[in-house]
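As a plain string of letters, each chain reads:
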Amino acid sequence: MIGFYNYTVILTYISLAASVTGIFICVNGACGGNIPCSLWGILCLMISGVCDMFDGKVARSMKNRTEAQKKFGIQIDSLADIVAFGVLPAAIGYSVLLEAGDVAKSGWAFLFFPLFIFFVLAALIRLAYFNVMEEERQSKTSETRKEYEGLPVTNTALIMPFIYIFKFRIGDEYFYIVYSVVLFLVACAFIIKFRVKKVGMKTMLLFLLVGVIEFAFICFEAMN
């Protein structure tokens, strides 16, 4: 079989499975019950974010990886990231638009499609640029990366769930505007050159705690 099969890529595959599930749910637009499709998409995005948070640690725990296995892991991670943190947030935006009701029925919904495309394209460019520059950096030094250029796409797993909390305060008829504006700003942050410090494990655990709080708050609001 083509590919490398070991435990180092399990979290990446789980992330991909969660994101694809979220995309299908959001695009379907008819979930039934009291939980909106966009919320299911947000939960899938958060699952992908947790998986991405630890997949690098899991991969590095395997000491006897070949160079080909390492490169395969890097490529498969980026390919999964474009689905989880590029396509899924855009699909959630589409679902939020459908839930706005009157906007979707008015025929103006298609005007938001260029925004969704721009977001996915910006995420794609960001990931491709990172891969090229990281390969160049590793050919010159063996030091671990200490900072990034531009906003890492994985940050959407924290930003969009936080923004989603306001959906229950603002209401469906206005929230699509807030989500769209944030989606545009995040897309711009992907491709604008500025320095972002790489976080350590303690900060990652703090982010995880923030994610758990976001998840709990969103579920609480959805049930009320």
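Refer to the structure presented above.
Reading guide: rules and limits
- Residues numbered from 1 in each chain as written.
- Predicted model: local features only at pLDDT ≥ 70, side-chain atom pairs only at ≥ 80, totals over all residues.
- Heavy atoms only, no water.
- Phe/Tyr/Trp six-rings, centres within 6.5 Å; stacked < 30°, edge-to-face > 60°.
- Core = buried A, V, L, I, M, F, W, Y, C linked by side-chain atoms within 4.5 Å.
- Buried < 20%, exposed > 50% of the residue type's maximum accessible area, 1.4 Å probe, protein only.
- Contact = heavy atoms within 4.5 Å.
- Patch = residues over 30% accessible without salt bridge, like charges linked within 9 Å, V, L, I, M, F, W, Y side chains within 5 Å.
- Areas by Shrake-Rupley, 256 points an atom, 1.4 Å probe, with all protein chains shown as cover.
- Salt bridge = Lys/Arg side-chain N within 4 Å of Asp/Glu carboxyl O.
- Helix = DSSP H or I, 4+ residues; strand = E, 2+ residues; numbered from the N terminus.
- Axes fitted to C-alpha atoms, helices over the stretch in contact; angles between N-to-C directions.
- Parallel < 35°, antiparallel > 145°, perpendicular 65-115°, else oblique.
- Left-handed = near helix turned anticlockwise from the far one by under 90°.
- Nonpolar A, V, L, I, M, F, W, Y, C, P; charged D, E, K, R; others polar.

(A) Main features of the packing of aromatic side chains. Inspection of the entire model under this criterion finds nine aromatic pairs. Relative to Phe166, the ring of Phe162 lies with its centre 5.6 Å away and its plane at 85°, an arrangement referred to as edge-to-face. Taken together, the aromatic side chains of Tyr164, Phe168, Phe175 and Tyr179 make up a single cluster linked through ring pairs.

(B) Spotlight on the nonpolar core. Of all hydrophobic cores here, the largest spans 41 residues; its most connected members are Ile92, Met160 and Phe190. Non-local contacts of Met160, meaning those with residues more than four positions away in its chain, are made with Ile42, Leu45, Tyr179, Val182, Leu183 and Val186.

(C) Seen up close, a nonpolar patch on the surface. The grouping of Phe162, Phe166, Ile170, Tyr174, Ile177, Val181, Phe184 and Leu185 at the surface amounts to a nonpolar patch, some 740 Å² of accessible area in total. The dominant element in the nonpolar patch, judged by the number of residues it contributes, is helix H8 (residues 172–191), at five residues. Inspection of the secondary structure puts Phe162 in helix H6 (residues 156–164).

(D) Examining the environment of Cys37 more closely. With respect to the helices and strands, the residue Cys37 is situated in helix H2 (residues 37–60). For Cys37, a relative accessible area of 4% gives the class buried. Taking the C-alpha atoms as reference points, Cys37 and Gly22, 15 residues apart in sequence, are found 8.5 Å from one another.

(E) Layout of the side chain of Arg65. Along the chain, the position of Arg65 falls in the loop between H2 and helix H3 (67–99). Leave out the neighbours within four places in its chain, and Arg65 touches Thr8, Ala59, Arg60 and Lys70.

(F) Quick look at the packing of H6 against H8. Interaxial distance between H6 and H8 falls to 10 Å at its minimum, and their mutual angle equals 160°. Between H6 and H8, the crossing angle belongs to the class labelled roughly antiparallel. For the element pair H6 and H8, the recorded crossing hand is right-handed. Where H6 approaches H8, its residues Thr156, Ile159, Met160, Ile163 and Tyr164 are matched on the opposing element by Phe175, Val178, Tyr179, Val182, Leu183, Val186 and Phe190. Per-class residue counts for the contact of H6 with H8 are 11 nonpolar, one polar and no charged.

Distances and angles like these do not, on their own, reveal function.
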